[in-house]
Amino acid sequence: YVFLKSGWLVGLFYLLVLSGVVAFVHALYFEVLHHTGTKDRLVGLARRYLGRSGFQFGFLAVVGGLLLTLVVYLILGSEFLRLVFPGLDPRMSFTIFWLAASLPLLFAEKRFARLEFLGVILMTIIIALIYFSARTRGVLAEFPATEGGNFLLPFSVVLFSLAGWPVLEPIYAFWRSSAFKTH
């Protein structure tokens, strides 16, 4: 929808550029975790290297960002459940999704990292199935390449979809304790 409103070329531009930037930032954060050699995470590192004000800013940014992200996921997830099960009460779909999404938090970091990896694989398969089963041959050619007034529209959507830094910490912990670690 966002690519349709902004133009597929504009959306593709943001997807490619922001993917590169986010991948670089993720790799940089992974290296910081590796080189500090502590169990400190983002906020702990902010406290250590940026002092009290850096810690406070980091804490507000991390907690605020995660809370807003979780609210978005809860709303979208419960609405998705209501699409799959149309007769489901909105409060019930919200509760079911909340419980199902919270269940992996009970697992150890290794299991959580494996579940995250499995989730990425399953999402990729689902997206591929939807893409290849859709009857959209030639429809992309009908989309505008650019829509002048909506150049900035895809920025936040694409950035939100790519910014998965919280999962880097469990992945790093898994990497640090596993046989995948190389010296």
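These figures come from a predicted structure and were not determined experimentally.

Draft legend 1. Local environment of the side chain of His26. For His26, the position within the fold is in helix H2 (residues 8-36). For His26, a relative accessible area of 18% translates into the label buried. Those residues in contact with His26, other than ones at most four positions away along the chain, are Leu162, Ala163, Gly164, Trp165 and Leu168.

Draft legend 2. Up close: the packing of aromatic side chains. This model, assessed by the stated rule, comprises ten aromatic pairs. Judged by centre distance (5.7 Å) and plane angle (35°), the rings of Tyr172 and Trp175 are tilted. Of this pair, Tyr172 and Trp175 both sit in helix H7 (residues 168-177), separated by three residues, roughly a single helical turn. This pair shows no difference in class: Tyr172 is buried, exactly as Trp175 is. Through a chain of ring-to-ring contacts, three or more aromatic side chains come together here, namely Phe13, Tyr14, Phe151 and Phe155. The ring of Phe55 has Arg47 sitting right over it, with the charged end atom 3.8 Å from the ring centre.

Draft legend 3. Quick look at the nonpolar core. Listed in full, the seven residues of the largest apolar core are Tyr29, Phe30, Leu33, Leu45, Leu168, Tyr172 and Trp175. Elements that contribute at least two residues to this core include exactly H2 and H7. Leaving out residues up to four positions away in the same chain, Leu33 has contacts with Asp40, Arg41, Leu45, Leu168, Glu169 and Tyr172.

Here is what the cut-offs are and how they apply
- Residues numbered from 1 in each chain as written.
- Predicted model: local features only at pLDDT ≥ 70, side-chain atom pairs only at ≥ 80, totals over all residues.
- Heavy atoms only, no water.
- Helix = DSSP H or I, 4+ residues; strand = E, 2+ residues; numbered from the N terminus.
- Buried < 20%, exposed > 50% of the residue type's maximum accessible area, 1.4 Å probe, protein only.
- Contact = heavy atoms within 4.5 Å.
- Phe/Tyr/Trp six-rings, centres within 6.5 Å; stacked < 30°, edge-to-face > 60°.
- Lys NZ or Arg CZ within 6 Å of the ring centre and 35° of its normal.
- Core = buried A, V, L, I, M, F, W, Y, C linked by side-chain atoms within 4.5 Å.

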